[in-house]
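# Observations on chain architecture
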Amino acid sequence: MLLKKLSISLIIVVCSICSIVDVYAIEVILGGQSIGIQLNYNGVMISGTYDIMVDNISYNPSQDGYQAGDLITHINNIKVESLTDLSNEIEKLIENHQEIELTIQSNNKTINRKLKYQQNNEQYSTGLYVTDSLTGVGTMTYYNPVTKHFAALGHMMYDVTLSSDVIIKTGSIYSSYVQNIIPSKNGNPGEKIAEIDDIKIGTIKENNNYGIYGTYTLSINDYQTISTASMDEIELGDAYFLTVLEGDTIVKCSIEITNLKKQSSPSIKGICFKITDEKVLNKTNGIVQGMSGSPIIQNGKLIGCVTHVDVNNVECGYGLFIEWMLNNDN
C-alpha cells in the first residue's frame, strides 16, 4: 500500500567479429533496493459500491450495473484522469442541476451510464468507491547509465480487479522501507510489508511483460557497477540475489540454480532456482511478494532477476534472463 503520511526475436548474424556474449556485456549499476510503485490509471477505477438514499429509497449503484474494476474515463464527454477531475466535474454538474453520464470501460466494452447521487445540504454521495492509481512494492534490478533508465520487477504490474484488459503504462517509483515480512507457506506466498514515503525517485515510462522501466532521479554516485551476462554464460549451481528484508538494507540471498530454459525469444521463468540461504529462509520461509526484480548475480555478473515463486514449493522460484530486460530498455 502507498503510505503518503500516508519479441523481440534475437536474430544472430554469424560473423567473425561479433558474438552474443559481446552484445550483452554492458556495464550497469546494480540494484537490490526496495521501491514503492504507483501506476496511474487512464481514468478512475471503481473499487466497490455502497448504499445511498435516492428519492428516499435505498439504492446501490450495482443495481445499474456498476461493478468493481470498471474504469471511468469520461464524465459528460469530458475526460477524467484523477479523483480530483471526477469530483470537480460532478460538483459542477450538480450545481448546474445537470444529469451526470459516465463513460466506462467494463469487460472490454465502452458503455455509458447515468450516475445517481444522494445530496445532503452541500454534500453529495455517489455510492461508488473509487481510486486513480495502483500501488505495490517491488525491487530495483538495475540502472543503465547509457539509456539513463531503471528496470525493475521483471514482469508486468497489473490490476487483477480491473474488468477490462487495460494495461497501465505510466506512474512513479518512491523510496520504500520494509517494516515486516509475512513468511511464505506452500500454497500461500508471503509478502513484504513496506512503508512507501513521499520521496519520488523515478518516473515510470513503460510497464510490460518484462518489467517496469523509466527515468531515475536520484544520484547514482558510489553505487556498484556490474557487467551483464548473456544466456550462454549462465550455468547451474551457486548464485545469489540481492533484496531488502528490513528497512532499506540490501542483503545477499544464496541460491542454487537448478534448471535453465534456453530461450530464443523473450519469455519469463527462464531461470529456475532454490533458496539455500538459511538466514533468509528463517525470516521469509521462501520467496515472498516484493522480491520481484531482485537482481541475480553469478560469477560476478548480473544474469537476471527474481520474478515468480513456485506456489507449491515456496523455497523455489523463477527468474527472467537479463537479456530480455535489456531488450526492453528503450
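Residues numbered from 1 in each chain as written. Predicted model: local features only at pLDDT ≥ 70, side-chain atom pairs only at ≥ 80, totals over all residues. Heavy atoms only, no water.

### Structural notes on the overall build of the chain
For the chain, the count of helices and strands is four helices and 23 strands. Per-residue burial over the chain gives 49% buried out of 330 residues. For the chain, the exposed surface amounts to about 16200 Å²; the carbon and sulfur share of it is 47%. (Helix = DSSP H or I, 4+ residues; strand = E, 2+ residues; numbered from the N terminus. Buried < 20%, exposed > 50% of the residue type's maximum accessible area, 1.4 Å probe, protein only. Areas by Shrake-Rupley, 256 points an atom, 1.4 Å probe, with all protein chains shown as cover.)

### Here's the deal with helix α2 (residues 83–95)
With 13 residues, α2 extends 18 Å from end C-alpha to end C-alpha; this agrees with the ideal 18 Å at 1.5 Å per step. Restricting attention to buried positions, one finds in α2 the residues Leu-86, Glu-89, Ile-90, Leu-93 and Ile-94. Each buried residue of α2 lies within a common arc of 130 degrees when the element is viewed along its axis, so the set occupies one face. In the segment just after α2, His-97 is the residue with positive phi, at about 55 degrees. (Expected span 1.5 Å × (residues − 1). Arc of directions from axis to C-beta.)

### Some details on empty space enclosed by the protein
Considering only enclosed or pocket space, the largest cavity measures out at about 60 Å³ in volume. Forming the walls of the largest cavity are 10 residues, and the residues nearest its centre are Ile-29, Gln-33, Tyr-143, Tyr-216 and Tyr-223. Every element with two or more residues in the lining of the largest cavity is listed here: β1 (27–30) and β11 (128–144). Ranked by residues supplied to the lining of the largest cavity, first place goes to β11 with three residues. Among the residues forming the lining of the largest cavity, the class breakdown is eight nonpolar, two polar and no charged. (1 Å grid on protein atoms, 1.4 Å probe; cavity = no way out; pocket = protein on both sides within 12 Å on 5 of 7 lines; lining within 4 Å. Points joined across faces, edges and corners; volume = space filled by probe spheres on them. Nonpolar A, V, L, I, M, F, W, Y, C, P; charged D, E, K, R; others polar.)

### What to know about the packing of aromatic side chains
Tallied over the full model, the rule gives three aromatic pairs. Taken together, a centroid distance of 4.8 Å and an interplanar angle of 45 degrees make the contact between Tyr-50 and Tyr-129 tilted. Of this pair, Tyr-50 sits in the loop between β2 (34–49) and β3 (52–54) while Tyr-129 is found in strand β11, placing the two residues 79 residues apart along the sequence. Using a relative accessible area of 24% as the deciding quantity, one classes Tyr-50 as partly exposed. Note on Phe-241 and Phe-273: the rings are 6.1 Å apart at their centroids and 65 degrees apart in plane angle, and the pair reads as edge-to-face. Residue Phe-241 is located in strand β17 (residues 237–246), and its partner Phe-273 is located in strand β19 (residues 271–275); the two are separated by 32 residues in the primary sequence. Both residues of the pair, Phe-241 and Phe-273, count as buried. Directly above the ring of Tyr-240 sits Lys-252, whose terminal nitrogen or CZ lies 4.6 Å from the centroid. (Phe/Tyr/Trp six-rings, centres within 6.5 Å; stacked < 30°, edge-to-face > 60°. Lys NZ or Arg CZ within 6 Å of the ring centre and 35° of its normal.)

### Looking at the side chain of Thr-307
With respect to the helices, strands and loops of the structure, Thr-307 is situated in strand β22 (residues 301–309). If we ignore the near neighbours within four places in the chain, the residues touching Thr-307 are Leu-153, Gly-154, His-155, Ser-292, Tyr-318, Gly-319 and Leu-320. (Contact = heavy atoms within 4.5 Å.)

### With respect to the environment of Ser-265
Mapped onto the secondary structure, Ser-265 falls in the loop between β18 (249–260) and β19. A sequence separation of 59 residues divides Ser-265 from Trp-324, and the C-alpha atoms of the two residues are 8.2 Å apart.

### Some details on unusual backbone geometry
One non-glycine residue, Asn-76, adopts positive backbone phi at about 50 degrees. With respect to the secondary-structure elements, Asn-76 resides in the loop between β5 (71–75) and β6 (78–79). With phi around 60 degrees, Lys-148 is a residue other than glycine that occupies positive phi space. For Lys-148, the location among the structural elements is in the loop between β11 and β12 (149–152).

### Section: the pattern of salt bridges
Following the criterion strictly, the structure yields six salt bridges and no others. If you follow the salt bridges from partner to partner, you end up with Glu-99, Glu-101 and Lys-114 in one network. (Salt bridge = Lys/Arg side-chain N within 4 Å of Asp/Glu carboxyl O.)

### What about the pairing of strand β21 (residues 295–298)?
Covered by surrounding structure in β21 are Pro-295 and Ile-297 together with Ile-296 and Gln-298, the residues of both alternating faces. Note: β17 against β21, two bridges, orientation antiparallel. Across the sheet, the residue bridging to Phe-241 is Ile-296, located in β21. Where β21 meets β22, four bridges bridge the pair, whose relative direction is antiparallel. Paired with Ile-297 across the bridge in β22 is Leu-302. Between β21 and the antiparallel strand that follows it, β22, lie two residues; Asn-299 among them carries a positive phi value of about 50 degrees. (Pairing = 2+ DSSP bridges.)

### A short note on the confidence of the model for the chain
Detailed reading of the predicted coordinates is not advisable wherever pLDDT falls low. Summarising the model, the chain shows a mean pLDDT of 87, and 90% of its residues fall at 70 or more. A low-confidence stretch, residues 1–23 (pLDDT under 50), is modelled with 35 contacts involving residues beyond four sequence positions or located in other chains. (pLDDT = per-residue confidence, 0-100.)

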